[in-house]
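What the coordinates show
What follows is the residue order along each chain.
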There are 2 protein chains.
Amino acid sequence: MAASPHLVFAGSATLDMIFSVDALPVGAGKILPRRLVQAAHGMATSAAIAAARLGGRATLIARIGDDQNGDRFLADVEAEGVDCGQVRRFAGVPTPLSAVIVDKEGERLVVPYYDHGLGADPSWIPDALITSADAVQVDIRWPEAAARLLALARDAGKIGVLDGDIGPLEVLNELAGLASHSVFSEPAAKQLSGQDDVAAALMVLARGFPGFVAITAGAEGCYWFDKREVCHARPPSVVAVDTLAAGDVFHGAFTLALAEKRSIEDAVHFANAAAALKCTIFGGRLGSPDREAVEALLAR
Amino acid sequence: MAASPHLVFAGSATLDMIFSVDALPVGAGKILPRRLVQAAHGMATSAAIAAARLGGRATLIARIGDDQNGDRFLADVEAEGVDCGQVRRFAGVPTPLSAVIVDKEGERLVVPYYDHGLGADPSWIPDALITSADAVQVDIRWPEAAARLLALARDAGKIGVLDGDIGPLEVLNELAGLASHSVFSEPAAKQLSGQDDVAAALMVLARGFPGFVAITAGAEGCYWFDKREVCHARPPSVVAVDTLAAGDVFHGAFTLALAEKRSIEDAVHFANAAAALKCTIFGGRLGSPDREAVEALLAR
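Just so it is clear, the structure is predicted and the values come from calculations on it, not from any experiment.

Along chain A, the regular secondary structure elements total ten helices and 14 strands. On C-alpha atoms alone, chain A measures out to a radius of gyration of 18 Å, which is about the 19 Å that the 2.2 N^0.38 rule sets for 300 residues. Over its C-alpha atoms, taken along the principal directions, chain A stretches across nearly 50 × 45 × 40 Å. A burial count over chain A gives 60% of its 300 residues as buried. Counted over contacts in chain A with a minimum sequence separation of 6, partners at least 24 positions apart contribute 65%. A total of about 11,300 Å² of accessible surface is found on chain A, and carbon and sulfur atoms cover 51% of it. Side-chain charges in chain A split into 26 positive and 37 negative, and the spacing between the mean points of these groups amounts to 2 Å.

Residue and element names in this part refer to chain B. Residues of helix α10 (residues 291-299) that are buried: R291, V294 and L297. The buried residues of α10 occupy one face: seen down the axis, they fall within an arc of 130 degrees. In α10, the exposed positions that point more than 90 degrees away from the buried face belong to E292 and A299.

Paired through their backbone hydrogen bonds, the strands of a sheet run either parallel or antiparallel. As summarised here, the arrangement of the five strands in space is β3(A)-β8(B)-β7(B)-β2(B)-β4(B), forming an open sheet in which the pairing is mixed. Of all strands in the sheet, those with a lone pairing partner are β3 (29-30) of chain A together with β4 (35-41) of chain B, marking the two edges. Relative to strand β8 (residues 108-113) of chain B, β3 of chain A is paired through two bridges, and the arrangement is parallel. Within β8 of chain B, the residue paired with K30 of chain A across the bridge is V110 of chain B.

Detailed reading of the predicted coordinates is not advisable wherever pLDDT falls low. Within chain A, residue pLDDT values average 95, and 99% of them lie at 70 or more. The complex prediction reports pTM at 0.83, with the ipTM value standing at 0.80.

Before going further, it helps to spend a moment on the packing of aromatic side chains. Residue and element names in this part refer to chain A. With the rule as written, the count across this model stands at eight aromatic pairs over all chains. The structure contains a cluster of three or more aromatic residues connected by ring pairs, namely F212, F250 and F254. Stacked on the ring of F270, the Lys or Arg R262 has its end atom at 4.6 Å from the ring centre.

Let us look at the relation of the copies chain B and chain A. Mapping chain B onto chain A calls for a rotation angle of 180 degrees and an axial translation of 0.0 Å; the resulting RMSD is 0.0 Å. On this basis, the relationship between the two copies can be described by a two-fold rotation axis. Taking C-alpha positions as the reference, the residue of chain B nearest the rotation axis is V26 of chain B, at 2.2 Å. By residue overlap, the copies meet face to face through one surface: 97% of the interface positions of chain B are interface positions in chain A.

Along the chain, S98 of chain A falls in strand β7 (residues 97-102). Apart from residues lying up to four places away in sequence, S98 of chain A is in contact with T14, L15, D16, M17, V110, V111, P112 and Y113 of chain A together with F19 of chain B.

Take the pattern of salt bridges next. All names here are of chain A. The final tally for this structure, using the stated rule, is 28 salt bridges over all chains. Linking K278 and D242 is a salt bridge whose minimum nitrogen-to-oxygen distance equals 3.8 Å. Residue K278 is located in helix α9 (residues 264-278), and its partner D242 is located in the loop between β14 (229-233) and α8 (246-259); the two are separated by 36 residues in the primary sequence. With respect to class, K278 is no different from D242; both count as buried.

Turning our eyes to something else, we now look at the sheet that holds strand β11 (residues 181-185) of chain B. All names here are of chain B. As summarised here, the arrangement of the nine strands in space is β6-β5-β1-β9-β10-β11-β12-β13-β14, forming an open sheet in which the pairing is mixed. Edge positions in the sheet fall to β6 (83-90) and β14 (229-233), since each has one partner strand and no second. Averaged over all adjacent pairs, the angle separating strand axes in this sheet is 20 degrees, with direction ignored. Across four bridges, the pairing between strand β10 (residues 159-164) and β11 is parallel. Residue pairing across strands places V161 opposite H181, the latter belonging to β11. Sitting on the sheet, helix α2 (residues 68-78) is in contact with β5 (57-65) and β6, with an inclination near 170 degrees to β6. Contacting β9 (135-139), β10 and β11, helix α5 (residues 169-178) crosses the sheet at an angle of about 160 degrees to β10.

This next bit is on unusual backbone geometry. Of note in the backbone geometry, A245 of chain A takes a positive phi value of approximately 75 degrees without being a glycine. Counting through the fold element by element, A245 of chain A comes out in the loop between β14 and α8. Look at A245 of chain A and you get buried, because its relative accessible area is 3%. Its identity as a non-glycine residue notwithstanding, K261 of chain B has a phi of 65 degrees, on the positive side. With respect to the secondary-structure elements, K261 of chain B resides in the loop between α8 (246-259) and α9 (264-279).

Moving on: the side chain of S12 of chain B. Residues and elements named next belong to chain B. Structurally, the position occupied by S12 is in the loop between β1 (6-11) and β2 (14-20). Within polar-contact distance, the side chain of S12 engages the side chain of Y114 at 2.7 Å. Residues within four places of S12 in sequence aside, it is in contact with H41, G42, M43, A44, T45, Y114, D139 and R141.

Reading the values: the criteria
Residues numbered from 1 in each chain as written. Chains lettered and ligands numbered in written order. Predicted model: local features only at pLDDT ≥ 70, side-chain atom pairs only at ≥ 80, totals over all residues. Heavy atoms only, no water. Helix = DSSP H or I, 4+ residues; strand = E, 2+ residues; numbered from the N terminus. Rg over C-alpha atoms; globule rule 2.2 N^0.38 Å. Buried < 20%, exposed > 50% of the residue type's maximum accessible area, 1.4 Å probe, protein only. Contact = heavy atoms within 4.5 Å. Areas by Shrake-Rupley, 256 points an atom, 1.4 Å probe, with all protein chains shown as cover. Lys, Arg positive; Asp, Glu negative; His and termini not counted. Charge placed at Lys NZ, Arg CZ, Asp CG, Glu CD. Arc of directions from axis to C-beta. Pairing = 2+ DSSP bridges. pLDDT = per-residue confidence, 0-100. Phe/Tyr/Trp six-rings, centres within 6.5 Å; stacked < 30°, edge-to-face > 60°. Lys NZ or Arg CZ within 6 Å of the ring centre and 35° of its normal. Least-squares fit on C-alpha atoms with pLDDT ≥ 70 in both. Salt bridge = Lys/Arg side-chain N within 4 Å of Asp/Glu carboxyl O. Axes fitted to C-alpha atoms, helices over the stretch in contact; angles between N-to-C directions. Polar contact = N/O pair within 3.5 Å; in protein donor to acceptor, adjacent residues only side chain to side chain.

Have a look at this one:
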């Protein structure tokens, strides 16, 4: 087997406080949670960790503060074997922080805070890191870096994957125009396409962007556009206890499989299985599986 | 003027992450907050700080972890001039943490996490601290300590105030049976009395407990039972931007006024004004007013 691919992830880095509750809140008041887990998260961060657990070599490019939460973030991510040499710390700025509330069915509410003091300029990121990598994956929380890295990957003929979650539509449009592969969340795909139906949204987005387009739809799995057709693969059935970071695990596994030169269909099945396994464990990306577990589930 | 009274507060100590959002969440999904403030909170803690800002000498009895959040909690509370010599730290236990989401109208959702590793035993609290104080105030998050301190205060003929927020009914019943003054939140009062109407709830509670009974009802102010009558005082009208900790500020101000030997009516007006001023500032108890501001509002 060849050396494992080198993947670069850029974007969101947060310290998450994940509260386990019986039912999600529906307005003002007080709810007493049963559990609390604190861990480094963020879309790009969780995807990088997912890819590392699955056997990829992962580098994270991200922005955090120089506070105690930032120390904790770094310790968490480095412990997963992800290279954090390109995580830049900003003086006097709080590390992004998310409150996450997860109910008994695994559904979650996320409130992520990013400080404006995190510098947007991506010019310090070394070009060679991207051009020498096998694939790059970006999210939309740091658009300036995402655009620069996707353009660099495109010009170098590398895989450039966009994790297209909800955010400003002009940002999604710009980045999907640069990516070789755009994988949208269902809410983002519907917003961006103006369509209420997943298949219809997929058709609109596939016509609008030059690269491969897919949509992740939670327990329904993944829809993608291939050879003028809407394809669909449902994940293996599992008992979900926490869907937090399931999309991030999907993205990290998908990008790794692409970098391993697997077919789109194989990559989707691999990512579906990884994300499904994640949902069986409480604590967001802490439940991200290793390769053995994913392959065992796929072989079942 | 005599020396300012010495007040002892015992109970909840949390580090709060307060997110400012446009609208409170109504289910699963992601909402992007506009602001984040982190600060030491908890009912007893916020009340102690409120009393200190209003000129009282305040001691806090509470349990936190030996983690970085605990360091931050202590630094916050000590900076307010509250004596933290009786805040005990537990090894390997996370400091209690609350996620708080505040909407544009100042309404809030609170998710407070208390770890089971915080030891419940209150026997280390020195009796003399209570018997030498002018008043003690407890909340229901540490029932063992609350019961012990209220009993000590009662036996020494001191003021013992219960902050009766929602929680197990047997705890509320036991503590209200020991307190010289019980001030319930509206939801707790309704739950404990089985009554849907505030005045009816007050009648039931006043008959059931030996001491003074009152109910705080948000913007409606305070209801209390005096000389066989239901009394009611509305707070001064303000533009509320954040009601978080308004009840705690009310309790701290009320206990201070009692310890200053003011009448119940004066104490309620003083506490109403302090709580109303708090609501005009974002950031929970960070908006707790000083005495000058309260007296200016009352003189208006």
